[in-house]
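Architecture at a glance
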Amino acid sequence: MKVVVLTGAGVSAESGVPTFRGSDGLWEGHRVEEVASPRGFARDPQLVHTFYNGRRRKVLEVEPNAAHRALAKLGRARGVELTLVTQNIDDLHERAGSQEVLHMHGELLKARCNRCGAVMPCREDLSRASICTACGGIDCLRPHVVWFGEIPFGLDEIAAAISSADRFVAIGTSGRVYPAASFVSWARECGVPTLELNLEESAASGVFHESRRGPAGELVPAWVEEVISAVKERR
């Protein structure tokens, strides 16, 4: 069984990772374009570094939850071919045991060099004085995350996986961030059954064939067991 799973902020929120963006559109008191856009970084790189340094420290303090662990179990299940796509920039899926996670919005625990393009692990604070370990450049590193106005990673791979999937499931997503919010429509056009697992109704709930409400830490393990049982019955 080929399964494509898309996870959003609702999954990591149960581990204590703040979503940061409030109902007023501000992230920790900053406008989105100030801390999450190429223009904002060019204008005030240290402000952007400070913002992401705080997020990085927070991610290193938290642990995977039951939803992360259940998806790792699904990825190991015999007879299941899982494509795990996440909008989250934390590493909680990997720490739970998932392999080959497709981070469409990048990874907080990595840095990218604006000069040579190298991507490297990053668990420490970044600043304008940080040095690229690949080319030795100074004042050239940025968080390896996708900002507004930039193209997410892996879109062709995601589209191909959805096209050939037996199921598409979105977990903890708002349904407001594109292009991820369009994946369910693409799945339906391809004739793929779709399921939403979310704490509350999302902007895309009406597009899914089925929606279930509740905490990801409860819904996801139960759904994973359903899938594994269904696959066993087919064998």
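Within each chain, residues carry numbers counting from 1 in the order of the written sequence. Restriction of local features to residues with pLDDT of at least 70 applies here, the model being predicted, together with a cutoff of 80 or more for giving and counting side-chain atom pairs; totals for whole chains, interfaces and linings are based on all residues. Computation of side-chain values: all heavy atoms of the structure, hydrogens and water removed.

1. What about the sheet that holds strand β7 (residues 119–121)?
When DSSP finds at least two bridges between two strands, those strands are taken to pair. Helix numbering and strand numbering both begin at the N terminus, where a helix is a DSSP run of H or I of at least 4 residues and a strand a DSSP run of E of at least 2. Judged by pairing direction, the sheet is antiparallel, and its 3 strands sit side by side in the order β7-β6-β8 without closing on themselves. The sheet terminates laterally at β7 and β8 (141–145), the two strands that pair on one side only. Within this sheet the neighbouring strands show an average axis-to-axis angle of 45°, counted without direction. For strand β6 (residues 106–113) and β8, the ladder comprises 5 bridges, and the chain directions are antiparallel. In the strand pairing of β8, Gly106 is matched with Val145. To get an axis, a line is fitted to the C-alpha atoms, and for a helix only the part in contact is used. The angle between two axes follows their N-to-C directions and goes from 0 to 180 degrees.

2. Quick notes on helix α7 (residues 155–163)
When a residue's accessible area, from a 1.4 Å probe over protein chains only, is under 20% of the maximum for its type it is buried; when over 50% it is exposed; and in between it is partly exposed. Listed as buried for α7 are Ile158, Ala161 and Ile162. One face of α7 carries all of its buried residues, which in axial projection span an arc of 95°. The contact criterion used is simple: two residues touch if any of their non-hydrogen atoms lie within 4.5 Å. The inward-facing, buried residues of α7 abut β1 (2–7), β4 (81–86), β5 (102–103), β9 (167–171) and α8 (183–189). Think of it as the arc spanned by the lines of direction from the helix axis to the C-beta atoms.

3. Digging into the packing of aromatic side chains
Geometry of aromatic contacts follows a simple scheme: Phe, Tyr and Trp rings, the Trp one being its six-membered ring, pair when their centres are within 6.5 Å, and the pair is stacked under 30 degrees between planes, edge-to-face over 60, tilted otherwise. For the structure on display, the rule yields 4 aromatic pairs. Note on Phe41 and Trp147: the rings are 5.3 Å apart at their centroids and 40° apart in plane angle, and the pair reads as tilted. Note that Phe41 is positioned in helix α3 (residues 38–43) and Trp147 in the loop between β8 and α7, a separation of 106 residues in sequence. Residue Phe41 shares its accessibility class with Trp147, and that shared class is buried. Aromatic pair Phe168 and Phe208: ring centres 6.5 Å apart, planes at 15°, arrangement stacked. With Phe168 in strand β9 and Phe208 in the loop between β10 (194–198) and β11 (210–213), this pair connects stretches of sequence that are 40 residues apart. Across this residue pair, the class does not change: Phe168 and Phe208 are buried. Looking at Arg142, its charged tip hangs above the ring of Trp147, at a distance of 3.8 Å from the centre. Only lysine NZ and arginine CZ atoms are considered, and such an atom sits over a ring when it is within 6 Å of the ring centre and within 35 degrees of the ring normal.

4. Comments concerning the sheet that holds β11
Strand order in the open sheet made by the 6 strands is β5-β4-β1-β9-β10-β11, with parallel pairing throughout. At either end of the open sheet lies a strand with only one pairing partner, and these are β5 and β11. Direction of pairing for β4 relative to β5: parallel, over a ladder of 2 bridges. Within β5, the residue paired with Val85 across the bridge is Leu102. Contacting β1, β4 and β9, helix α5 (residues 66–76) crosses the sheet at an angle of about 145° to β4.

5. Quick notes on the environment of Leu197
In this structure, Leu197 sits in strand β10. The buried category is assigned to Leu197, whose relative accessible area is 2%. The spatial distance from the C-alpha of Leu197 to the C-alpha of Val220 is 7.4 Å, given a sequence separation of 23 residues. Every residue in contact with Leu197, bar those within four places of it in the chain, is listed here: Val169, Ala170, Ile171, Gly172, Arg212, Leu219, Val220 and Trp223.

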